Amino acid sequence: MKKFSLKYLALAAFLSLPAFVSCNKEPVEEEEELTICMQYKNLEIKSAIMKDNNKNPLTMKYNVLTPPSFDPNKEKYNVLYLLHGYGDDNTAWLDSPQSRGGTASLASKMYQAVKDGVITKTVVVMPDGLTSFYMGDWEEYFYKELMPEVEKKFNIDGRRERRVIAGLSMGGFGSAYHALKHSDMFCAVYTMSMASADDMFKAFALDAKSKGTLPAIYVVNGDSDATVGKAPEGFVAALQSIGIEPKYDHWMGGHDWKFWGECIPKFIEFFGEEFKKNQK
């Protein structure tokens, strides 16, 4: 009986050895469990700059999509300003890709991209551009009222290398306008289905180039877009004529939400690459 006990005690000690050794290994870091992206709709700013036809101050609306596991008390965030087209408003980018284009939503694509490491955590701000083409009084409102408020409220890292801009149609024009005219504010722009004003953009681009603040530029257009036609290609050619080589892409698509919905993963990847470059 004594031999039996010693035999099994020895076996038990042997079997417990791996567990004992494993306790001395460095602990493995667990992957962060991401919660969903949160949508904030129709946030308001009572503007002192924007006025109606009777010169009364306007209440301006904007939407925000926060990244998964957003916590402004723990970290600062990148920001993407995402501009809508003529006839739409600040709700367009959150609702229309799925409801009017039949593609995946902006929120689902941003969540997956953060989870897969395609882009670091980024707050998306979608302002109401009215029918302004994002110029005139709207431009002043953007820099003096909207940007300071939203970047403080959502704990944005305010450095140029953490701020990007994109838009479609009217917003495609607006995003190129702001990225080139205010090149000290944005490190990259993704412009979709834009109507171009070549000479104005050339002047802005030359100035940005001379200051060393030219943003990364990505231009896309649908092959069957009958609204803006070949205007995006004209914008690309105008930049090439002054020695600037933007990225350019096109595929079968029109001036519609199916095409713009298909752009979402593409601009997320583009901005993700630019953020990573600027971290080095």
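Residues numbered from 1 in each chain as written. Predicted model: local features only at pLDDT ≥ 70, side-chain atom pairs only at ≥ 80, totals over all residues. Heavy atoms only, no water.

**Regarding the overall build of the protein**
To keep it simple, the criterion reads: The helix count covers DSSP runs of H or I at least four residues long, the strand count covers runs of E at least two residues long, and both are numbered beginning at the N terminus. Between buried and exposed lies partly exposed: a residue is buried under 20% and exposed over 50% of the maximum accessible area for its type, with that area taken using a 1.4 Å probe on protein chains only. Here a residue-residue contact requires only that any non-hydrogen atoms of the pair lie within 4.5 Å. Surface accessibility in these figures is a Shrake-Rupley result with a 1.4 Å probe; residues are shielded only by whichever protein chains are displayed.
Counting its regular elements, the protein contains eight helices and eight strands. Classification of the 280 residues of the protein by burial places 48% in the buried group. Considering only contacts in the protein between residues 6 or more positions apart, those separated by 24 or more positions represent 78%. Only carbon and sulfur atoms are counted for the fraction: they give 54% of the accessible area of the protein, which is about 14,100 Å².

**Side note on the pattern of salt bridges**
Using the following cut-off: By definition here, a salt bridge exists when the distance from a side-chain nitrogen of Lys or Arg to a carboxyl oxygen of Asp or Glu is within 4 Å.
Applying the stated criterion across every chain yields a total of 14 salt bridges. Within this structure, D157, R159 and E161 form a network of salt bridges that share partners.

**What about unusual backbone geometry?**
A positive phi is found at S69, a non-glycine position, where the angle reads about 60°. Structurally, S69 is set in the loop between β2 (57–66) and β3 (78–83). Take S69: its relative accessible area is 15%, and that puts it in the buried class. In this model, L130 sits at a positive phi of 55°, which is unusual for a non-glycine residue.

**Quick look at the packing of aromatic side chains**
Aromatic ring pairs are described here by two measures, namely the spacing of the ring centres and the angle between the planes. Counted only if it meets this: Classification of ring pairs uses Phe, Tyr and Trp, with its six-membered ring standing for Trp, and accepts pairs whose centres are within 6.5 Å; under 30 degrees between planes counts as stacked, over 60 as edge-to-face, and the remaining range as tilted.
Counted according to the given criterion, the structure contains 25 aromatic pairs. Aromatic pair Y190 and F267: ring centres 5.7 Å apart, planes at 65°, arrangement edge-to-face. On the criterion of sequence distance, the pair formed by Y190 in strand β6 (residues 188–192) and F267 in helix α8 (residues 257–279) is long-range, its members being 77 residues apart. An identical accessibility class is assigned to Y190 and F267; each is buried. With 5.3 Å between their ring centres and 40° between their planes, F270 and F271 make a pair best called tilted.

**Quick word on the nonpolar core**
For clarity, the threshold we go by: To qualify as a nonpolar core, a set must consist of buried Ala, Val, Leu, Ile, Met, Phe, Trp, Tyr and Cys residues joined through side-chain atoms within 4.5 Å.
Y81, V125, Y141, F142, F201, I217 and F235 are the most contacted members of the largest nonpolar core, which totals 42 residues. It is helix α4 (residues 137–153) that contributes the most residues to this core, seven residues altogether. Here Y81 is in contact with V125, F142, M147, V150, E151, R163, V164, I165, A166 and F186, once residues within four sequence places are set aside. Core analysis: the second largest hydrophobic core is formed by 36 residues, V164, Y218, F259 and C263 among them.

**Overview of the sheet that holds β3**
We apply this condition: In this scheme, strands are said to pair when DSSP sees at least two bridges between them. Axis angles are defined between N-to-C directions and span 0 to 180 degrees, where every axis is a line fitted to C-alpha atoms and, for a helix, only to the segment in contact.
Taken in spatial order, the eight strands line up as β1-β2-β4-β3-β5-β6-β7-β8 in an open sheet, and their pairing is mixed. The open sheet terminates on both sides in strands that have one partner only, identified here as β1 (38–51) and β8 (247–251). Strand-to-strand twist across the sheet, computed as the mean angle between neighbouring axes with direction ignored, equals 20°. Its contacts with the sheet put helix α3 (residues 106–115) on β1, β2, β3 and β4 (122–127), and the angle it makes with β4 is roughly 160°.

**Some thoughts on the pairing of β3**
The two faces of a sheet get side chains in turn, since along a regular strand they alternate between them. For β3, the buried fraction is high: six of the six residues fall into the buried class. Across the two faces of β3 the burial is the same, with N78, L80 and L82 and V79, Y81 and L83 all buried. Bridge count for β3 against β4 is four bridges, and the pairing is parallel. In the strand pairing of β4, Y81 is matched with V125. Two strands pair when backbone bridges link them, and β3 and strand β5 (residues 163–168) are joined in this way by five bridges, in the parallel orientation. Across the sheet, L82 pairs through a bridge with A166, a residue of β5.

**Examining the packing of helix α6 (residues 198–211) against helix α7 (residues 231–240)**
The condition that has to hold: The scheme is simple: roughly parallel for angles under 35 degrees, roughly antiparallel for over 145, roughly perpendicular for 65 to 115, oblique for anything else. By definition, turning the near helix anticlockwise from the far helix through less than a right angle yields a left-handed crossing, and turning it clockwise yields a right-handed one.
Direction vectors running N to C along α6 and α7 enclose 40°, while the axes themselves pass 9 Å from each other. The angle between the axes of α6 and α7 places the two elements in the oblique class. Between α6 and α7 lies a crossing whose hand is right-handed. Of the residues in α7, those in contact with D198, F201, K202 and A205 of α6 are G234, F235, A238 and L239.

**A look at the confidence of the model for the protein**
Parts of the model with low pLDDT should not have their predicted coordinates read in detail. Defined as follows: Confidence per residue, as judged by the predictor, is encoded in pLDDT with a range of 0 to 100.
Per-residue confidence for the protein gives a mean pLDDT of 90, with 89% of residues at or over 70. Ignoring residues within four places in sequence, the model shows residues 1–29, a span with pLDDT below 50, making zero contacts including any to other chains.

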